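If you want the building blocks of each chain, they are given just below.
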Amino acid sequence: MKSNELAAQEAVVGLEKLEYKGMLYDFYGELLTQHQKKIYEDAVFHDLSLSEIADEQGISRQGVHDLIKRCDKTLADYENKLHLVEKFAKIKRTIQQINSLTDDAQIKQLSNEIIEEL
């Protein structure tokens, strides 16, 4: 299973690890439980320590660590099956290439609008 997670991360070329985690969460986060979402958001987006989250949630640091790892794996598994983040990144790169290859202001404007909508 580790190789699947690594393959999915490598498929999204140019994305930093935190950005990748954020994108996985944006695409698949609603599939996590409320409890998982709260802890994952606190760790990844609010940059709280394991101890801070553990104290807030009334669980052990190890419990927080394990839950975050399970969430990472769950989100990566969804990506391995659906490839939505990979497709999104590819579309965005293609539109950026179109934008850089044209001098037409109208095409640049449209491509920028598409990127904004993504």
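Residues numbered from 1 in each chain as written. Predicted model: local features only at pLDDT ≥ 70, side-chain atom pairs only at ≥ 80, totals over all residues. Heavy atoms only, no water.

With respect to the overall build of the protein
Of regular secondary structure, the protein possesses 7 helices and 0 strands. Taken from the N to the C terminus, the helices and strands of the protein come in the order α-α-α-α-α-α-α. Looking at the protein as a whole, 31% of its 118 residues are labelled buried. Contacts in the protein between residues at least 24 apart in sequence constitute 53% of all its contacts with a sequence separation of at least 6. (Helix = DSSP H or I, 4+ residues; strand = E, 2+ residues; numbered from the N terminus. Buried < 20%, exposed > 50% of the residue type's maximum accessible area, 1.4 Å probe, protein only. Contact = heavy atoms within 4.5 Å.)

Here we look at the packing of helix α3 (residues 34–44) against helix α5 (residues 61–82)
At a closest axis distance of 10 Å, the pairing of α3 and α5 adopts a crossing angle of 100 degrees. Taken as axis vectors, α3 and α5 run roughly perpendicular relative to one another. Mapping the contact onto sequence places H35, Q36, I39, Y40 and A43 in α3 and V64, L67, I68, C71, D72 and L75 in α5. Looking at side-chain class alone, the contact of α3 with α5 contains 8 nonpolar, 2 polar and 1 charged residues. (Axes fitted to C-alpha atoms, helices over the stretch in contact; angles between N-to-C directions. Parallel < 35°, antiparallel > 145°, perpendicular 65-115°, else oblique. Nonpolar A, V, L, I, M, F, W, Y, C, P; charged D, E, K, R; others polar.)

Considerations on helix α7 (residues 105–117)
Along its 13 residues, α7 runs 18 Å from first to last C-alpha, staying within 8% of the 18 Å computed at 1.5 Å per residue. The opening residue of α7, the one whose side-chain oxygen lies 2.8 Å from the backbone nitrogen of Q106, is D104. (Expected span 1.5 Å × (residues − 1). Polar contact = N/O pair within 3.5 Å; in protein donor to acceptor, adjacent residues only side chain to side chain.)

Side note on unusual backbone geometry
If you check the backbone angles, D47 has positive phi at about 55 degrees while not being a glycine. Note on placement: D47 falls in the loop between α3 and α4 (50–57). Taking relative accessible area as the criterion, D47 reaches 65% and is therefore assigned exposed. Even without a glycine there, the phi angle at H83 is positive, about 60 degrees. Tracing the backbone shows H83 in the loop between α5 and α6 (84–101).

Details of a nonpolar patch on the surface
A cluster of nonpolar side chains, contributed by F27, L82 and L84, occupies part of the molecular surface with about 240 Å² of accessible area. Tracing the backbone through its elements, the reader meets F27 in helix α2 (residues 17–28). (Patch = residues over 30% accessible without salt bridge, like charges linked within 9 Å, V, L, I, M, F, W, Y side chains within 5 Å. Areas by Shrake-Rupley, 256 points an atom, 1.4 Å probe, with all protein chains shown as cover. Salt bridge = Lys/Arg side-chain N within 4 Å of Asp/Glu carboxyl O.)

A look at the side chain of S111
For S111, the position within the fold is in helix α7. Separated by 3.5 Å, the side chains of S111 and N99 make a polar contact. Ignoring any residue separated from it by four or fewer positions in sequence, one finds S111 in contact with I95 and N99.

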